[in-house]
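# A closer look at the structure
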Amino acid sequence: MHQYLNKDLEIIVITYNRCTYLRNTLEQLQLSDFRNCKITVLDNCSTDATSEVLECYREKLPCLNIIRHPRNINGNPNIVRAYEMATMPYLWLLGDDDIINPAYAQAVLDICSEAKADLINLWRAPLRPEQATGLHRVRDFIRSQRFVVFDQSFISGVITKTALITDASLSKAYDLIASSYPQLVFTAQALDSDGYIYIMPSAVVERSGEDFDKFGLKHQMNIVWYVWWCKICSVFRDESIRQKVMDDGFQQITFRQFIISNLIDYRLRRNLLTIHKYLEIMSYQPKRRLIFCFFAALIYILPKPLVGLMRSASH
């Protein structure tokens, strides 16, 4: 049995068929102070050279544990499975393709050893330079700062105290795996328990990149993404905070982008763009009911050839 030098933080890396990225991530961990933490890789039944990469790092990372699922359980179930498996006081769920800044590793470990924070925010969005740093009550920080919860939709961007992973919160996360960001259930749990969040002064981890189309849009930010976001936000019990978190998510895409994204996404026309999707989101956002009614009618009656033409023009 491994004797982990660090008893506070556990790192679980989720991966599927990205052996090159995974190699880079494991190399970054090996060269940082995180190498003495318990490190587990959840391999979602990869079919590439992931197994070979992991075997290569068994000796380089003595604290490495490898768990390979016999079947691919998809991304969100793998995320929730990681929370279910956590055994140390803190869990860092790390994507296999994200970039670690080793300079702040010891600072993160020190914060974990103090055990005051329920959440440790590792990602400092470039557009939020004014965001306060240090230790704050979660409730006060969400109320006073913008995009706090939205930024934590980046799975690698937050360390979670495992005391937040209760039977009830874990069950709720499993209930929400059909939507995006089930990990935000534990952010809501920190809020409900009147917990604290620590904001690092600089980014400890960075996103490896985003997929944008020629309009500069994230592909998922269509009406289906809005429904997912509303469902996730429903876990926040405080009505004013729930509305603020919803609005922060909606502000990630402009009104013009929303129109273009829905008009050019032919997949919605084929299998997802139905009136009930608009009715569903209107149940969460009554203030926007008239707007969504208008676009539901507009896109529903839009001739299919025109939608196809707009889709072709976007490539």
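Please read these numbers as outputs of a predicted model, since none were measured by experiment. (Residues numbered from 1 in each chain as written. Predicted model: local features only at pLDDT ≥ 70, side-chain atom pairs only at ≥ 80, totals over all residues. Heavy atoms only, no water.)

## Here's the deal with the environment of isoleucine 197
- Mapped onto the fold, isoleucine 197 is located in strand 9 (residues 196–199).
- Residues isoleucine 197 and valine 158 lie 39 residues apart in sequence; the distance between their C-alpha atoms is 9.7 Å.
- Excluding residues that lie within four positions of it along the chain, isoleucine 197 makes contacts with Leu119, Asn121, Gly134, Leu135, His136, Val138, Phe141, Val148 and Gln152. (Helix = DSSP H or I, 4+ residues; strand = E, 2+ residues; numbered from the N terminus. Contact = heavy atoms within 4.5 Å.)

## A word on helix 7 (residues 167–175)
- Turning to helix 7, its buried residues are Ser169, Leu170 and Ala173. Along helix 7, the residues classed as buried sweep out an arc of 100 degrees about the axis, all on the same side. Turned more than 90 degrees away from the buried face of helix 7 sit Asp167, Ala168 and Asp175, all of them exposed.
- Among the structural elements, helix 3 (75–85) and helix 8 (184–192) are those in contact with the buried residues of helix 7. (Buried < 20%, exposed > 50% of the residue type's maximum accessible area, 1.4 Å probe, protein only. Arc of directions from axis to C-beta.)

## Digging into the confidence of the model for the protein
- Confidence in the prediction of the protein, expressed as mean pLDDT, is 82, and 71% of residues score 70 or more.
- Taken element by element, the predicted model of the protein shows its lowest mean pLDDT in helix 12 (residues 266–272) (44) and its highest in strand 8 (residues 158–161) (98).
- Taken as a whole, residues 211–217 scores under 50 in pLDDT and shows 19 contacts with residues more than four places along the chain or in a different chain. (pLDDT = per-residue confidence, 0-100.)

## Re the environment of aspartate 151
- You can see aspartate 151 is positioned in helix 6 (residues 148–151).
- The spacing of aspartate 151 and asparagine 121 is 30 residues in sequence and 9.0 Å in space, taken between C-alpha atoms.

## Quick word on the pattern of salt bridges
- Taken as a whole and judged by the stated rule, the model has twelve salt bridges.
- Between arginine 68 and aspartate 43 there is a salt bridge, with its nearest N and O atoms 3.1 Å apart. Within this pair, whereas arginine 68 is found in strand 3 (residues 64–68), its partner aspartate 43 is found in strand 2 (residues 38–43), the two being separated by 25 residues in sequence.
- One salt bridge connects arginine 137 with aspartate 140, and the closest N-O pair in it is separated by 3.2 Å. (Salt bridge = Lys/Arg side-chain N within 4 Å of Asp/Glu carboxyl O.)

## Concerning the packing of aromatic side chains
- Tallied over the entire structure, the rule returns five aromatic pairs.
- Both rings, one in tryptophan 123 and one in phenylalanine 154, keep their centres 5.3 Å apart while their planes meet at 75 degrees; by these two values the pair is edge-to-face. Here phenylalanine 154 lies in the loop between helix 6 and strand 8 and tryptophan 123 lies in the loop between strand 6 (119–121) and strand 7 (134–137), a separation of 31 residues in the sequence.
- Since its relative accessible area comes to 10%, tryptophan 123 is described here as buried.
- Taken together through their ring pairs, the aromatic side chains of Phe150, Tyr181 and Trp229 make up a single cluster.
- Positioned above the aromatic ring of tyrosine 57, the side-chain terminus of lysine 60 is 4.6 Å from the ring centre.
- Between the NZ or CZ atom of arginine 207 and the centre of the ring of tryptophan 123, over which it lies, the distance is 4.5 Å. (Phe/Tyr/Trp six-rings, centres within 6.5 Å; stacked < 30°, edge-to-face > 60°. Lys NZ or Arg CZ within 6 Å of the ring centre and 35° of its normal.)

## Points about the nonpolar core
- Residues Tyr83, Ile142, Trp229, Phe236 and Val245 are the most contacted members of the largest nonpolar core, which totals 45 residues.
- Ignoring anything within four residues of it in the chain, the contact list for tyrosine 83 reads Leu91, Leu93, Thr160, Ile165, Leu170, Gln183 and Phe186. (Core = buried A, V, L, I, M, F, W, Y, C linked by side-chain atoms within 4.5 Å.)

## Quick notes on unusual backbone geometry
- Notably, alanine 115 is not glycine yet its phi reads approximately 60 degrees, a positive angle.
- For alanine 115, a relative accessible area of 40% puts it in the partly exposed group.
- Backbone geometry places tyrosine 181, a non-glycine residue, at a positive phi of 65 degrees.
- Mapped onto the elements of the fold, tyrosine 181 is located in the loop between helix 7 and helix 8.
- You can call tyrosine 181 buried: its relative accessible area is 16%.

## Some words on helix 3
- The complete set of buried residues in helix 3 reads Asn76, Pro77, Asn78, Ile79, Val80, Ala82 and Tyr83.
- Taken together, the buried residues of helix 3 touch strand 1 (9–15), strand 2, strand 4 (90–95), strand 8, helix 7 and helix 8.

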